[in-house]
Amino acid sequence: MNLARTKVSSETVSLQPDTSTDKSADTSASIATKKPAVSNLDIEQTTAEKIDEANRQLIESAQQLIQKPSITPDDAGCTPWLIQQLEPLGFHCQQLDVNGVTNLIASIGTGNKTMAFLGHTDVVPAGDLKHWQHPPFAATVEDNFLYGRGAADMKTAIACMLNATKQFITNGGQFNRGKFYWLITSDEEGEAEYGTKAMIEHLKQKGVSLDVSLVGEPTARVTAGDTIKIGRRGALSGCIKLAGKPGHVAYPDQIRNPINPMAKIIQALNNIEWDSGSADFPGSSLQITHINSGEFSDNVSPSYCEINFNIRYSHRWNEQQLKQKITALVQPEGSEFELQWQRPCPPYWNKQSVNPGSALTLLEQAIFQTTGRYPSLSTSGGTSDGRFAASLGGEVYEIGACNATIHQVNEKVSVDDLITLRNIYQTILMQYFNC
Ligand SMILES: [Zn+2]
């Protein structure tokens, strides 16, 4: 990033003397002979001023969102603020409060095709404040970086979506060839039960489908637009508990130690041969995340042993198949077991993305026009709210800021990336709604 910027600025410096001399000579000659009411220089200045003003508003919007300490599921005023921004642009806004979660469904336009911007206003806790270079909710800009909790995940993406929408409308863009939705929740980082999932259910009841959904999750590895997600693996957590017969370890014939059969279960779980994935999707895997056998005493066999595990799975599996497989592995180790399932998250994958006319082509072209590069396509990382949007049957893609500092202290995003991401979103709007 720094290297690229240095290169551009050094080129600009080296070209400046010649170019500026030529330009001023041309301009003065033009004024002397034609005397236009508005000179080319004036037009260039006006355009430059407009771009500067748009960029200033973009950074200010990002700062205003970061300054609201919206730790899951507290919206901290983000949604009312967004409504204040979107209603004057012509959006119909509906705040959907569900079990303490604040959701926003905003829409504008008419027509058969539908596109949505999806995002979340909630952030994870700031962690240890003494490790932050700047207070996490101050939204400080220093050395061309904007710092703060949510700077990358994902308040800046919401600011980019907002600024892109404003710029699209200001430049004469209209939503008469399709309907444009905003779906924003304050519960993505938590259980996600009453957030995007609830909004999608609400839309389903109203008979609304979304042809294309763009989620602003931080997908970039180095700079905005370098990577987009075209799907995500699913996740499923579980807990296995085996009961034992506790007693003095010196009398093994009088006890039943549950750690022994649990050791066999752990081995069986680790021996599962998972799929190795495909070119588009990483393979499936299981990790044991916790082992617990209660209070410890070196001469007492425990009364129980339990383990927690988490499975990340590709689209080759579904939740039911996984549950059947694990249950079949546990059963031989005795009937006195409990098996509980937690936090099921289905995978999603855009089958349509392989079609030439898919929205992925449009997205790739918008990124190429903005950055001069085509993005890498990825399905790596954790789960996202994209899975809920995918349940409507349309295409779902994720594109956002750089994810190098998400959920960390000193979370940050470069101002250059902010502008690039806004430009990508704006280009997508122009390409989707103007044709
Ligand atoms: Zn996020």
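Residues numbered from 1 in each chain as written. Predicted model: local features only at pLDDT ≥ 70, side-chain atom pairs only at ≥ 80, totals over all residues.

(A) Spatial organisation of the sheet that holds strand β12 (residues 285–292). Spatial strand order, β12-β14-β10-β15: four strands in an open sheet with antiparallel pairing. Looking at the sheet topology across the chains shown, the edges are occupied by β12 and β15 (337–345). For this sheet, the mean angle separating the axes of adjacent strands, direction not counted, is 20°. Of the strands in this sheet, β10 (234–243), β12 and β14 (304–313) touch helix α6 (residues 259–270), which is tilted by about 10° from β14. Against the sheet, helix α7 (residues 319–330) contacts β10, β14 and β15, and its axis sits at roughly 160° relative to β15. (Pairing = 2+ DSSP bridges. Helix = DSSP H or I, 4+ residues; strand = E, 2+ residues; numbered from the N terminus. Axes fitted to C-alpha atoms, helices over the stretch in contact; angles between N-to-C directions. Contact = placed C-beta atoms within 7 Å.)

(B) How the structure looks around the UniProt feature "active site" (unreviewed entry) in the protein. According to UniProt, the positions carrying the feature "active site" (unreviewed entry) are D122 and E188. Taken together, the annotated residues stretch across 67 residues yet fold into one region, lying no more than 6.8 Å apart by C-alpha. As for its placement among the helices and strands, D122 is situated in the loop between β3 (113–120) and β4 (141–142). Once residues lying within four places of it in the same chain are set aside, the contact partners of D122 are S70, I71, T72, P73, S186, D187, E188 and E189. On the neighbour-count criterion, E188 (26 C-beta atoms within 10 Å) is buried. If near-sequence neighbours (up to four positions away) are discounted, E188 is found in contact with H120, D122, G195, T196 and D385. (UniProt positions renumbered as here; feature names shortened; annotations may be inferred. Buried ≥ 20, exposed ≤ 12 C-beta atoms within 10 Å, placed from the backbone.)

(C) Structural detail: the sheet that holds β4. Overall, antiparallel pairing links the three strands, which are arranged β4-β5-β19 in an open sheet. The open sheet terminates on both sides in strands that have one partner only, identified here as β4 and β19 (412–414). Sheet topology places strand β5 (residues 145–147) next to β19; three bridges connect them, and they run antiparallel. What sits directly across from F145, in β19, is S414.

(D) The arrangement of the UniProt feature "binding site: Zn(2+) 1" (unreviewed entry) in the protein in detail. Per the UniProt record, the feature "binding site: Zn(2+) 1" (unreviewed entry) sits at H120, D153 and E217. Across 98 residues, the annotated set stays spatially compact, with a maximum C-alpha separation of 8.6 Å. Secondary-structure assignment places H120 in strand β3. The exposure class assigned to H120 is buried, which follows from the 33 C-beta atoms found within 10 Å. Beyond its immediate stretch of four places on either side in the chain, H120 contacts M154, I184, T185, S186, E188, G195 and D385. Tracing the backbone through its elements, the reader meets D153 in the loop between β5 and α4 (155–170). The exposure class assigned to D153 is buried, which follows from the 26 C-beta atoms found within 10 Å. Leaving out residues up to four positions away in the same chain, D153 has contacts with P218, I406 and H407.

(E) Up close: the nonpolar core. In terms of nonpolar packing, the biggest core is built from 76 residues, with C160, W182 and A401 touching the most fellow members. Counting residues in hydrophobic clusters, the runner-up holds eight residues, among them I240, L242, M262 and C305. (Core = buried A, V, L, I, M, F, W, Y, C linked by C-beta atoms within 7 Å.)

(F) Geometry of helix α3 (residues 78–86). Along α3, the residues classified as buried are C78, T79, L82 and L86. The buried residues of α3 occupy an angular sector of 90° when the element is viewed end-on, so they sit on one face. (Arc of directions from axis to C-beta.)

(G) Structural view of unusual backbone geometry. Between T72 and P73 the backbone carries a cis peptide bond, its omega angle lying at -5°. Relative to the assigned elements, P73 resides in the loop between α2 (40–66) and α3. The residue N99 is not glycine, and still its phi comes out positive at about 45°. N99 gets classed as exposed once you count the C-beta atoms within 10 Å, which come to 11. With phi around 45°, R343 is a residue other than glycine that occupies positive phi space.

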